[in-house]
Amino acid sequence: MHLRKGTDAPRSLNAATLFGVLAGIFTLLLITAIALLVADQRKLLDSVTQLRTQALPTSIEQQRLARNIETLRLEGERVLSASTPQARQQAMFVVNLMASHPSILGNPRARDIATETELFLTRVTRGEQGDSAVHAEWAQLSRRLSLAADDISVEAVSLARGEVATMGAVIEGAQQKLYATLAITLVFVIVLLLLMHRRLILPLQRIDATLKTLGKTAPVLDLPPGSLHEIKAIEGAIGQLHDILQKHEETRDELERLAATDMLTGLNNRREFMHIAAGEVARSQRYGRPVTVGLADLDHFKRINDQHGHAAGDLALRAFADLVRSTLRHADTAGRYGGEEFAFVFPETTPEEAAVLSNRLRSRLDAMVIALPDGATLRMTLSIGIADASVRSLEEALSVADQALYEAKASGRNTVVLRPMAGLSILPPDFDH
Amino acid sequence: MSIRPIHRILRALACLMLGGLLPVMASAEPPLRVIVIGSSPPMSYEDGDGKLVGFNIELAEALCQTMKARCEMHKVAIGKVIDMLAAGEADFAAVSFLITPERQEKVLFSKPYYRSLSIWLARPEIRPGATGITVAAVRGSAQARYVEIEGWKNFFVEHHRDLPPLLAAGTADAAIVPMPTALRLIQEKELQAREIGPSILPVPSLGGDVAFSINPQRADLRPRIDAAIDAVKNDGRFDRINTKYLPFRLQ
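All values reported here derive from a predicted model rather than from experimental measurement. (Residues numbered from 1 in each chain as written. Chains lettered and ligands numbered in written order. Predicted model: local features only at pLDDT ≥ 70, side-chain atom pairs only at ≥ 80, totals over all residues. Heavy atoms only, no water.)

Some points on the overall build of chain B
When its secondary structure is counted, chain B shows 10 helices and 13 strands. Sorting the 251 residues of chain B into buried and exposed places 49% on the buried side. Pairs at least 24 residues apart make up 72% of the contacts formed inside chain B by residues separated by at least 6 positions. Accessible surface, chain B as shown: approximately 12,100 Å² in total, 56% of it carbon and sulfur. (Helix = DSSP H or I, 4+ residues; strand = E, 2+ residues; numbered from the N terminus. Buried < 20%, exposed > 50% of the residue type's maximum accessible area, 1.4 Å probe, protein only. Contact = heavy atoms within 4.5 Å. Areas by Shrake-Rupley, 256 points an atom, 1.4 Å probe, with all protein chains shown as cover.)

Put into structure tokens, the structure is as follows:
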């Protein structure tokens, strides 16, 4: 048994636990990433709302303020260049309005320069200032008004710029988080696939391969280290299944052996002998090869039983069977045909060769002394009939061999009779060698 | 026999269609009744063809367009605006009203759309509060209310256009008008001839936030008008109207 038991491996893991833990970790990571992304999205929405409701309207108001500073400068020009007192008065009125308007007063820089402009122009309209000084100072004031308008205008844009920068940073952060989330997902999928391959698919493939050869050989289920508990359980089950199959096979073999064997002598019983002999005869006839059968009977065996008892008879039969096994060739088959009757099939053997072999068996038995438990000894002789089986059926050949045996008995026993196709040949007792 | 079920089906279909149409018809709003002055350039007046024009007129049109509402404009004297709104005879007034506590008791106000000042129109030597002078204003205006509170001798008229002849004839020595009106009145030749000029009245109650006024029963209109004001102020329409009627930006 080459199976490693699941309990031997300390790295064995439960599938539910493993995948549960993995899924838990991944879910936690994913939820965290999503929460971070949602927070970013909220921040972005807040920024957009701030931009829409605060920064942009304020920025537009600032632009209007810058425009009004420029209007103030233009009206100042008109005050200085007016051809009629009415025109000058009208321009001055707008200057007054600008300098007093809450929107201008609300911005310190605008307020200061507007007030300065209004005071200067008021002095000019009242004729309190000389012409040359007026133009020089106005040129300077006019440039400062333009600059103030520019600055306020730029400030307006930078109001929105701050929010836009914040939004840009948030989007960039969100993008990185999104990439991180994608990477986490990718890693998880890869890990999952690897784990599935290593801990499920690979073991299953090995189990499949093992199951295919289960009946033939002992299963060698070489599971990779860290295989899942469930897989290990299958491994154990396969081992048990194999053990059971093995036992079944052994039992079946034993039953087959019992069914084919003569219990007393250990030789093939008659049924098994007929089965083997039929096969040999058929094969030889198919290939045109010689094959010979023989029938043997222990002479006066009944006397042994009568004189020494059945136990001695059994002992004699077993001794004879041992002699058969040691004398016949490997390819030859012997079987107990009846009480003290035995049958042989000699493949690739002519009747003459078989007769020589049979005679050797006969002479050896003739020479053998069997010691009985009670100290007595006994001897036995054997009559054998040989028949060619290469041209007739097994049954016919055995029938011919039986006739030959009968003739051997009739001619005085302890002899081998070969019954060729025609005629009868009685071999003398010294036929051997 | 086979026609009857068809009739039944057709009748059911007709009912379904009517049932579907009725809510649509019900949801079609009646036109908004908008009060305008129509006699106060440059904010609200009639051009040579009798067509209503001016800053407030165009602003009201832009707001209605933004609210996707049909608006019908009705010319009303300033003095009647607040009472008409309070009585529910109109939905809102496209009139530049200073948000005063008295007015707030009667009507709702939109969000302010600019801040105004009040202007003293008189010969240079006639100062506010001078004894024995008659001060003119438009009836129902914040300026008229101020004159009353100050207890000055007064002469109230229905329309701004009535003021120049009054000042030219000497019936009134001075007039108090809103900032935009003053910009137009100072161009009147008869006033220039009498050297009647403008000066800013530094009175807090006569300056500050200006808004459209709304029928108090139409509180639902206020957020819509406010949103529309935001929209036109942010998409450039407000400034285009501004440039058309005034020399500087209203803020």
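Next comes the rest of the write-up.
Describing the confidence of the model for chain B
Residue and element names in this part refer to chain B. Here chain B averages 91 in pLDDT, and 89% of its residues register 70 or above. The secondary structure element of chain B with the lowest average pLDDT is helix α1 (residues 3-27), at 54, and the one with the highest is strand β6 (residues 108-109), at 98. In this model residues 21-26 is a low-confidence stretch, pLDDT under 50, and it forms zero contacts with partners more than four residues away in sequence or in other chains. (pLDDT = per-residue confidence, 0-100.)

Some remarks on the interface of chain A and chain B
Contacts between the two partners involve 22 residues from chain A, matched on the other side by 23 residues from chain B. Both faces combined, the contact of chain A with chain B buries some 2,100 Å², and carbon together with sulfur accounts for 60% of it. Linking chain A to chain B there are two salt bridges. E61(A) is paired through a salt bridge with K233(B); the nearest N and O atoms lie 3.2 Å apart. Looking at the side of chain A that touches chain B, the elements with two or more residues in it are α1 (15-81), α2 (85-100) and α3 (102-105) of chain A. If one sorts the elements of the side of chain A that touches chain B by residue count, α1(A) sits on top with 10 residues. (Buried area = accessible area lost by both parts, 1.4 Å probe. Salt bridge = Lys/Arg side-chain N within 4 Å of Asp/Glu carboxyl O.)

As for the pattern of salt bridges
Residue and element names in this part refer to chain A. Per the counting criterion, the structure on display carries 36 salt bridges over all chains. For E61, the salt bridge is made with R64, and the minimal N-O distance between the two is 2.7 Å. Here E61 pairs with R64, and both are found in helix α1, just three residues apart, close to one helical turn. In this structure, the salt-bridge partner of D208 is K212, at a minimum N-O distance of 3.4 Å. Taken together, the residues D208 and K212, both in helix α5 (residues 131-212) and four residues apart, mark about one turn of the helix. With relative accessibility at 40%, the residue D208 sits in the partly exposed group. A relative accessible area of 62% means that K212 is categorised as exposed.

A short note on the confidence of the model for chain A
Per-chain confidence: chain A averages 87 in pLDDT, with 91% of residues scoring 70 or above. Low pLDDT, under 50, characterises residues 1-9 of chain A; the stretch is placed with 20 contacts to residues that sit more than four places away or in other chains.

Here we look at helix α2 (residues 55-67) of chain B
Residues and elements named next belong to chain B. In this model, α2 (13 residues) spans 18 Å end to end at C-alpha, consistent with the 18 Å of a helix rising 1.5 Å per residue. Burial analysis of α2 places 10 of its 13 residues in the buried class, which makes it a mostly covered element. Considered for burial, the residues of α2 that qualify are F55, N56, I57, E58, L59, A60, A62, L63, C64 and M67. (Expected span 1.5 Å × (residues − 1).)

Here we look at the domain arrangement of chain B
All names here are of chain B. Assigned domains of chain B: these are domain 1 (32-115 + 208-245) and domain 2 (118-206). Using C-alpha coordinates to define each centre, domain 1 is positioned 24 Å away from domain 2. Both faces combined, the contact of domain 1 with domain 2 buries some 1,300 Å², and carbon together with sulfur accounts for 56% of it. Together, S39, I78 and L98 form the three largest contributors to the area buried by domain 1 at its contact with domain 2, with a combined 33%. (Domains from an automatic or database assignment.)

Things to note about a nonpolar patch on the surface
A contiguous nonpolar patch, built from V189(A), L193(A), M196(A) and I201(A) and spanning about 310 Å² of accessible area, is present on the exposed surface. With respect to the element layout, M196(A) can be found in helix α5. (Patch = residues over 30% accessible without salt bridge, like charges linked within 9 Å, V, L, I, M, F, W, Y side chains within 5 Å.)

Observations regarding the environment of L378(A)
Residues and elements named next belong to chain A. Mapped onto the elements of the fold, L378 is located in strand β5 (residues 377-378). Among the residues examined, L378 registers a relative accessible area of 5% and is labelled buried. Separated by 70 residues in sequence, L378 and H308 place their C-alpha atoms 9.1 Å apart. If near-sequence neighbours (up to four positions away) are discounted, L378 is found in contact with I304, H308, A316, M368, V369, I370 and L372.

Side note on the pairing of strand β5 (residues 92-98) of chain B
Within a regular beta strand, the side chains point alternately toward one face of the sheet and then the other, so they alternate between its two faces. Residues and elements named next belong to chain B. Counting buried positions over the seven residues of β5 gives six, a clear majority of the element. Two strands pair when backbone bridges link them, and strand β1 (residues 32-36) and β5 are joined in this way by two bridges, in the parallel orientation. Its bridge partner lying in β5, I35 is registered against A93. With four bridges joining them, β5 and strand β13 (residues 208-214) adopt antiparallel strand pairing. (Pairing = 2+ DSSP bridges.)

As for the environment of S103(A)
Within the secondary structure, S103(A) is located in helix α3. For the pair S103(A) and L65(A), spaced 38 residues apart in the sequence, the C-alpha separation amounts to 7.2 Å. The contact partners of S103(A), leaving out residues within four places of it in the chain, are L65(A), R115(B) and Q251(B). At 3.2 Å, the side chain of S103(A) forms a polar contact with the side chain of Q251(B). (Polar contact = N/O pair within 3.5 Å; in protein donor to acceptor, adjacent residues only side chain to side chain.)

Observations regarding the sheet that holds strand β10 (residues 153-157) of chain B
Residue and element names in this part refer to chain B. Taken in spatial order, the five strands line up as β10-β9-β11-β8-β12 in an open sheet, and their pairing is mixed. Each edge of the open sheet carries a strand with a single partner, namely β10 and β12 (197-200). Mean inter-strand twist for the sheet, computed between neighbouring axes without regard to direction, equals 30°. Bridge analysis of strand β9 (residues 134-138) against strand β11 (residues 174-178) gives two bridges, and the strand direction is parallel. Bridging across to β11, V135 finds its partner in A174. (Axes fitted to C-alpha atoms, helices over the stretch in contact; angles between N-to-C directions.)

Let's talk about the state of the cysteines
Residues and elements named next belong to chain B. Enumeration according to the criterion identifies one disulfide over all chains in this entry. Between the sulfur atoms of C64 and its disulfide partner C71 the distance amounts to 1.8 Å. The chirality of the disulfide connecting C64 with C71 is left-handed, given an S-S dihedral of about -95°. Classification of C64 by relative accessible area gives buried; the value is 5%. (Disulfide = S-S within 2.5 Å.)

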